[in-house]
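Results of the structural survey
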Amino acid sequence: MELIQQNRCFEGEQRIYSLNSKVLNGESRFGIFLPPQALSGQACPALFYLAGLTCTEETFAIKAHAQRLAAQLGFILISPDTSPRGEQVAAGDSWDMGQGAGFYINATQAPWAEHYQMESFIADELYDVVIEEFPVQAHAVGIFGHSMGGHGALTLAFKYPEKFKSVSAFAPICAPSECPWGEKAFSHYLGADQAEWKKHDATALVQSKGALFNEILIDQGLNDQFYTQLNPALFKQACAEAGQSLTLREHVGYDHGYYFIQTFMDDHLQFHAVQLEA
């Protein structure tokens, strides 16, 4: 692990590290915000943030405006890249496939399987690195994300509830098995068997696993240009049928971008603060 960038921020530090990933079979980068409490050696709760299509490990740190309140609450914020990178890594033929579009799953099909193991990278390799290298409070790790990363946050939370105690999302892809983005990615990464797709679909996971969390928070803009891809109503229905408590807030006038995320970021940090203390 190599420190690439280090910047003072709200008396904490925003850093970027390079990691030689065995899981991804190459170099990966992740951002981490260490609040002043962590810099002084105090064990702190941690939140993984998974970004959306085309984003990198820097997107959250620059655009989300999360560090101010995270410094007050004493949150460590971890923001991994959205896919493996490099000349040796397979690239798609469009912006929503390949590098920048890993979908936080483990690919099983060629040529993707050699590097596209984002689920194992986030939930195993990077998770272990963060726990071992930084002062993370035991049993106080949450996960949230946006769009493709909202899909990743919801699915990884339901796959690994022993690791992630809280979960929220901004405009997540709630049922990727039933939208063009997910159909395209899953057919390439996982093959034609749609039963395999359901293992990585948040709506299907709630249906199969039932209620696992005290509460889930989702914010969704009603002027979202990708609304038809996201299917929040399907996830809401699945949660209701499973008895999983969900707060789905829909906001008039807000779109899919980071101005929307900035607006409600404080609410999500406060939400995780409550959930991680429960």
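Predicted, not measured: the structure shown is a model, and the values here were computed from it.

1. Comments concerning the overall build of the protein chain
Helix and strand counts for the protein chain come out as 11 helices and nine strands. Compactness check: the protein chain gives a C-alpha radius of gyration of 17 Å against a globular reference of 19 Å for 278 residues, within 12% of the reference. Over its C-alpha atoms, taken along the principal directions, the protein chain stretches across nearly 50 × 45 × 35 Å. Buried residues in the protein chain amount to 60% of all 278 residues. Taking as baseline every contact in the protein chain between residues at least 6 positions apart, the subset at least 24 positions apart corresponds to 72%. Surface accessibility of the protein chain: about 11100 Å² in total, with carbon and sulfur atoms responsible for 48%.

2. Some remarks on the pattern of salt bridges
Here the structure, examined in full by the defined rule, presents 12 salt bridges. Where Lys 198 meets Glu 178, a salt bridge forms, and the shortest distance between an N and an O atom there is 3.8 Å. One end of the pair, Lys 198, is in helix α7 (residues 194–198); the other, Glu 178, is in the loop between β7 (166–170) and α6 (180–190), and 20 residues separate them in sequence. Residue classification places Lys 198 among the partly exposed positions, given a relative accessible area of 36%. Glu 178 gets classed as partly exposed once you look at its relative accessible area, which sits at 46%. For Glu 196, the salt bridge goes to Lys 199, with nearest N and O atoms at 2.8 Å. When salt bridges with common partners are traced through the structure, they connect Asp 219, Arg 249 and Asp 267 into a single cluster.

3. A closer look at unusual backbone geometry
Excluding glycine, most residues fall at negative phi; most peptide bonds, likewise, are trans. The omega angle of the peptide bond from Ala 110 to Pro 111 is 0 degrees, so this bond is cis rather than trans. Tracing the backbone shows Pro 111 in the loop between β5 (76–80) and α4 (118–133). Unusually for a residue other than glycine, His 65 sits at a positive phi of about 60 degrees. As for its position among the elements, His 65 is in the loop between α2 (59–63) and α3 (67–73).

4. Comments concerning the side chain of Gln 67
Following the sequence through the fold, Gln 67 ends up in helix α3. Assessed through its relative accessible area of 7%, Gln 67 is described here as buried. A polar atom in the side chain of Gln 67 sits 3.1 Å from the side chain of Gln 14. Look past the residues within four positions of Gln 67 in its chain and what remains in contact with it is Cys 9, Phe 10, Gln 14, Phe 33 and Ala 61.

5. Re the packing of helix α5 (residues 148–159) against helix α8 (residues 202–209)
Packing of α5 against α8 brings their axes to within 9 Å, and their N-to-C directions diverge by 20 degrees. As summarised for this structure, α5 and α8 are arranged roughly parallel, according to the angle between their axes. Regarding α5 and α8, the two cross each other, and that crossing is left-handed. Of the residues in α8, those in contact with Leu 154, Thr 155, Phe 158 and Lys 159 of α5 are Ala 202, Leu 205, Val 206 and Lys 209. For the contact of α5 with α8, a count of residues per class yields five nonpolar, one polar and two charged.

6. Examining the nonpolar core
Core analysis: the largest hydrophobic core is formed by 90 residues, its most contacted members being Phe 48, Phe 103 and Tyr 189. For Phe 48, the residues in contact, after removing those within four places along its chain, are Ile 78, Ile 122, Leu 126, Tyr 127, Val 130, Val 141, Gly 142, Ile 143, Phe 144 and Phe 164.

7. Focus: the side chain of Asp 81
Summarising the element assignment, Asp 81 is placed in the loop between β5 and α4. A polar side-chain atom of Asp 81 sits 2.8 Å from a polar atom in the side chain of Arg 85.

8. Digging into the packing of aromatic side chains
The geometry of an aromatic ring pair comes down to the distance between the two centres and the angle between the two planes. According to the stated counting rule, one finds 21 aromatic pairs in the structure shown. With a centroid separation of 5.9 Å and 10 degrees between ring planes, the pair formed by Phe 48 and Tyr 127 is classed as stacked. Of the two residues, Phe 48 sits in strand β4 (residues 44–50) while Tyr 127 sits in helix α4, which places them 79 residues apart along the sequence. Accessibility assignment for this pair places Phe 48 and Tyr 127 in one class, buried. Measuring from centroid to centroid gives 4.9 Å for Trp 181 and Phe 226, while their planes differ by 45 degrees, and the two rings are tilted. On the criterion of sequence distance, the pair formed by Trp 181 in helix α6 and Phe 226 in the loop between β8 (216–221) and α9 (227–230) is long-range, its members being 45 residues apart. The class for Phe 226 is partly exposed, based on a relative accessible area of 25%.

Criteria and cut-off values
- Residues numbered from 1 in each chain as written.
- Predicted model: local features only at pLDDT ≥ 70, side-chain atom pairs only at ≥ 80, totals over all residues.
- Heavy atoms only, no water.
- Helix = DSSP H or I, 4+ residues; strand = E, 2+ residues; numbered from the N terminus.
- Rg over C-alpha atoms; globule rule 2.2 N^0.38 Å.
- Buried < 20%, exposed > 50% of the residue type's maximum accessible area, 1.4 Å probe, protein only.
- Contact = heavy atoms within 4.5 Å.
- Areas by Shrake-Rupley, 256 points an atom, 1.4 Å probe, with all protein chains shown as cover.
- Salt bridge = Lys/Arg side-chain N within 4 Å of Asp/Glu carboxyl O.
- Polar contact = N/O pair within 3.5 Å; in protein donor to acceptor, adjacent residues only side chain to side chain.
- Axes fitted to C-alpha atoms, helices over the stretch in contact; angles between N-to-C directions.
- Parallel < 35°, antiparallel > 145°, perpendicular 65-115°, else oblique.
- Left-handed = near helix turned anticlockwise from the far one by under 90°.
- Nonpolar A, V, L, I, M, F, W, Y, C, P; charged D, E, K, R; others polar.
- Core = buried A, V, L, I, M, F, W, Y, C linked by side-chain atoms within 4.5 Å.
- Phe/Tyr/Trp six-rings, centres within 6.5 Å; stacked < 30°, edge-to-face > 60°.

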